[in-house]
Amino acid sequence: MQKILLVICDGLGDRPTKKFGGKTPLEAAKTKNLDRLAANGLTGTMNAVDRKLYPDSDKAHLSIFGYPLGKYYCGRGPIEAAGIGLKLRKGDIALRANIATVDQKGIIVDRRAGRIESVQKFVKKLDGIKINGTRIFVKAGTGYRAVVVVRGKGLSEKVTQNDPKKIGVKPLKFMAENSSGNAERTAEILNAFTERAHEILLMHPENLKRKKLGLLEANYLLCRGAGKVKYIPGFKKKYGLKATVIAGAGMYKGIAKIVGMKVLKVKGATGLPNTNVKAKFLAAKKALKKFDFVFVHVKAADSFGEDGNAEGKKKFIEKIDRAAKEFLDLKNTVIAVTADHSTPCELKKHSSDAVPVLVAGQGIKGGQVKEFSERACRKGTLGHLSGLQLMPKLLRLSGRR
Ligand code: ZN
């Protein structure tokens with residue numbers, strides 16, 4: 001039986017761009033190590049979630065880990081909460097939040113407050129607010145992200161979001177998704193809370209400082225992904241695999257934790273473009289000695305895609321490739337490299353374009369495909385996979401099924 005190493009490069013897939021003479025950032029990037037793995041292994045393409053759905057990262061990961069969304073998806077909030085080590089209680093409602101900037105008229109001018117690097121100082125002032133018999137907790141995530149938890153009786157996760165996901169408009173009001181009193185009550189509490197939070201943030205000393213420096217103020221909480229915790233059988237129970245995760249960004253640690261993976265801390269893993277990919281890959285190699293399954297998440301290609309920065313995306317892919325040299329001599333391990341979804345620079349958001357997949361390892365013979373890219377992998381013998389089909393493939397190829 002071989003070990004399994006799964007490397008997910010978030011938002012890796014893209015579309016041909018004029019900037020690169022009709023190549024995608026992945027095609028334009030120099031990726032000799034990933035190409036070598038592709039040439040020595042099997043290739044194909046994948047849509048982690050049904051093409052009709054928007055491919056959110058959390059849903060895509062849950063599918064790739066082999067959990068049907070209808071049964072196991074609990075919403076993004078609880079996943080983010082798990083990622084930053086928050087212990088939710090039964091009945092808690094968790095939401096993910098962005099700290100955003102609104103102007104004097106209440107219009108959103110930046111959904112991420114200029115991609116502010118930490119919101120720790122801001123959320124401290126919002127943590128523990130009481131509204132209508134509930135208590136609200138706010139904890140910092142990575143960068144501009146935070147998690148909001150509402151704790152109390154008679155709450156429901158069936159509420160909409162206040163994030164319109166665009167700028168130039170006012171934040172939305174939370175609304176009940178059904179006519180249950182609990183959903184209505186939860187929406188009211190969240191509306192009151194975000195207003196109160198806005199008032200507090202406006203007067204926050206850090207914002208007064210930012211204003212003086214000409215920086216965007218971090219003055220509004222845009223929340224989405226309300227959810228309640230659900231029972232999910234972990235990797236050990238489901239596959240008999242002792243599994244671990246190496247990731248920088250909180251959400252990915254969260255989703256891995258929810259499926260029973262042990263979170264490994266790696267110095268320099270940030271979830272940002274400055275992340276130390278090599279340190280992560282070296283740590284993964286080491287972890288393979290102790291664990292049956294190692295999941296490594298690398299975030300920044302997705303962020304570059306969302307910013308429409310094709311050059312940055314290409315360069316970051318090259319950084320991944322340089323680090324992937326560490327994987328050329330893996331022993332007794334099946335390695336898969338893929339993405340959770342595409343994030344084309346021209347769209348600045350996720351798309352349902354299929355992503356490339358490569359699977360290499362001892363006993364796996366290479367095919368015709370010599371390059372790891374969106375187009376080259378279409379000709380691979382793995383064919384086109386759904387997210388749910390990947391784990392069974394990896395289990396078989398590693399001699400575990
Ligand atoms: Zn993603």
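Residues numbered from 1 in each chain as written. Predicted model: local features only at pLDDT ≥ 70, side-chain atom pairs only at ≥ 80, totals over all residues. Heavy atoms only, no water.

Describing the sheet that holds strand S14 (residues 383-386)
Within a beta sheet, neighbouring strands are joined by backbone hydrogen bonds and run either parallel or antiparallel to one another.
Thinking step 1. The mixed open sheet is built from eight strands, whose spatial order is S10-S9-S11-S1-S12-S13-S2-S14. Both outer strands of the open sheet, strand S10 (262-263) and S14, are each paired with one neighbouring strand and no more.
Thinking step 2. Looking at chain direction, strand S9 (residues 243-246) and S10 are connected through two bridges and run parallel. Bridged to threonine 244 within S10 is lysine 262.
Thinking step 3. Against the sheet, helix H3 (residues 57-64) contacts strand S1 (3-9), strand S2 (42-47) and strand S11 (293-298), and its axis sits at roughly 160° relative to S1. (Pairing = 2+ DSSP bridges. Helix = DSSP H or I, 4+ residues; strand = E, 2+ residues; numbered from the N terminus. Contact = heavy atoms within 4.5 Å. Axes fitted to C-alpha atoms, helices over the stretch in contact; angles between N-to-C directions.)

Quick word on the coordination of the zinc ion
Thinking step 1. Bound to the zinc ion are the protein donor atoms Asp10 (OD), Asp10 (OD), Ser57 (OG), Asp340 (OD) and His341 (NE2), situated 1.9 to 2.7 Å from the metal.
Thinking step 2. The motif formed by the donor residues of the zinc ion, counted along the single chain, is D-x46-S-x282-D-H. Remark: aspartate 340 occurs in the loop between strand S12 (333-338) and strand S13 (355-360) and aspartate 10 occurs in the loop between S1 and helix H1 (25-28); sequence separation between them is 330 residues. Considered together, aspartate 10 and aspartate 340 belong to a single accessibility category, that of buried residues. (Donors = N, O, S within 2.8 Å, 3.2 Å for Na, K, Ca; no water. Buried < 20%, exposed > 50% of the residue type's maximum accessible area, 1.4 Å probe, protein only.)

With respect to the pairing of S1
On a regular strand, one side chain projects to one face of the sheet and the next to the other, so that they alternate.
Thinking step 1. With respect to burial, S1 is a largely interior element, seven of its seven residues being buried.
Thinking step 2. What you see with S1 is no split at all: Lys3, Leu5, Val7 and Cys9 on one side and Ile4, Leu6 and Ile8 on the other are buried throughout.
Thinking step 3. Across six bridges, S1 lies against S12 in parallel orientation. When the bridges of S12 are listed, leucine 6 appears paired with alanine 336.
Thinking step 4. Here six bridges tie S1 to S11, and the two strands are oriented parallel to one another. Bridge pairing in S11 links leucine 5 to valine 294.

Structural notes on the environment of valine 369
Thinking step 1. As for its placement among the helices and strands, valine 369 is situated in the loop between S13 and S14.
Thinking step 2. Valine 369 sits in the buried class, given a relative accessible area of 7%.
Thinking step 3. Discounting residues that sit within four places of it in the chain, valine 369 has contacts with Ala38, Ala39, Thr43, Ala376, Cys377, Lys379 and Gly380.

Let's talk about the packing of aromatic side chains
Thinking step 1. Enumeration according to the criterion identifies eight aromatic pairs in this entry.
Thinking step 2. Seen in terms of ring centroids, phenylalanine 235 and tyrosine 239 are 4.9 Å apart; in terms of plane orientation they differ by 80°. Their pairing is edge-to-face. Taken as a pair, phenylalanine 235 and tyrosine 239 lie in helix H9 (residues 235-239) at a separation of four residues, close to a single helical turn.
Thinking step 3. Looking at phenylalanine 235, the relative accessible area reads 0%, which means it is buried. (Phe/Tyr/Trp six-rings, centres within 6.5 Å; stacked < 30°, edge-to-face > 60°.)

Overview of the pattern of salt bridges
Thinking step 1. Considering all chains together, one arrives at 22 salt bridges under this definition.
Thinking step 2. Across the salt bridge formed by arginine 115 and aspartate 307, the nearest N and O atoms sit 3.1 Å from each other. With arginine 115 in the loop between strand S4 (108-110) and helix H6 (120-124) and aspartate 307 in the loop between helix H12 (300-306) and helix H13 (310-324), the pair connects residues that are 192 residues apart, well separated along the chain.
Thinking step 3. What makes arginine 115 partly exposed here is its relative accessible area of 30%.
Thinking step 4. A salt bridge links glutamate 311 to lysine 315; the nearest nitrogen and oxygen atoms lie 3.4 Å apart. With a gap of four residues between them, glutamate 311 and lysine 315 both fall in helix H13, about one helical turn apart. (Salt bridge = Lys/Arg side-chain N within 4 Å of Asp/Glu carboxyl O.)

Observations regarding the domain arrangement of the protein
Thinking step 1. Split into domains, the protein comes out as domain 1 (3-74 + 231-397) and domain 2 (80-227).
Thinking step 2. Placing a centre on the C-alpha atoms of domain 1 and another on those of domain 2 gives a separation of 30 Å.
Thinking step 3. Facing the 14 residues of domain 1 at the interface are nine residues of domain 2.
Thinking step 4. Contact with domain 2 buries surface across domain 1, with Gly250, Met251 and Lys257 losing the most and accounting together for 34% of the total.
Thinking step 5. Across the contact surface, domain 1 and domain 2 share two salt bridges.
Thinking step 6. Among the salt bridges present, the one from glutamate 306 reaches arginine 112, with a minimum N-O distance of 3.8 Å.
Thinking step 7. At the junction of domain 1 with domain 2, the criterion picks out two residue pairs in polar contact (both at pLDDT 80 or more).
Thinking step 8. Elements with a contribution of two residues or more to the side of domain 1 that touches domain 2: helix H10 (250-258) and H12.
Thinking step 9. In terms of residue class, the side of domain 1 that touches domain 2 is built from four nonpolar, five polar and five charged. (Domains from an automatic or database assignment. Buried area = accessible area lost by both parts, 1.4 Å probe. Polar contact = N/O pair within 3.5 Å; in protein donor to acceptor, adjacent residues only side chain to side chain. Nonpolar A, V, L, I, M, F, W, Y, C, P; charged D, E, K, R; others polar.)

Structural notes on the nonpolar core
Thinking step 1. One finds Leu5, Phe235, Met261, Phe281 and Phe293 to be the most contacted residues of the largest nonpolar core, which totals 85 residues.
Thinking step 2. The greatest single-element share of this core, amounting to seven residues, is contributed by helix H11 (residues 277-290).
Thinking step 3. Leave out the neighbours within four places in its chain, and phenylalanine 293 touches Ile4, Leu6, Phe235, Leu241, Lys242, Ala243, Thr244, Met261 and Met391.
Thinking step 4. Judged by nonpolar contacts, the second largest core, of 32 residues, contains Ala97, Ala140, Ile189 and Leu190. (Core = buried A, V, L, I, M, F, W, Y, C linked by side-chain atoms within 4.5 Å.)

So, unusual backbone geometry
Thinking step 1. Positive phi outside glycine occurs at lysine 165, with the angle close to 60°.
Thinking step 2. By the element assignment, lysine 165 lies in the loop between strand S7 (145-151) and helix H7 (181-202).
Thinking step 3. Judged by relative accessible area, lysine 165 falls into the partly exposed class, the value being 42%.
Thinking step 4. Positive phi is not limited to glycine here, since asparagine 332 has a value of about 55°.
Thinking step 5. Along the chain, asparagine 332 falls in the loop between H13 and S12.

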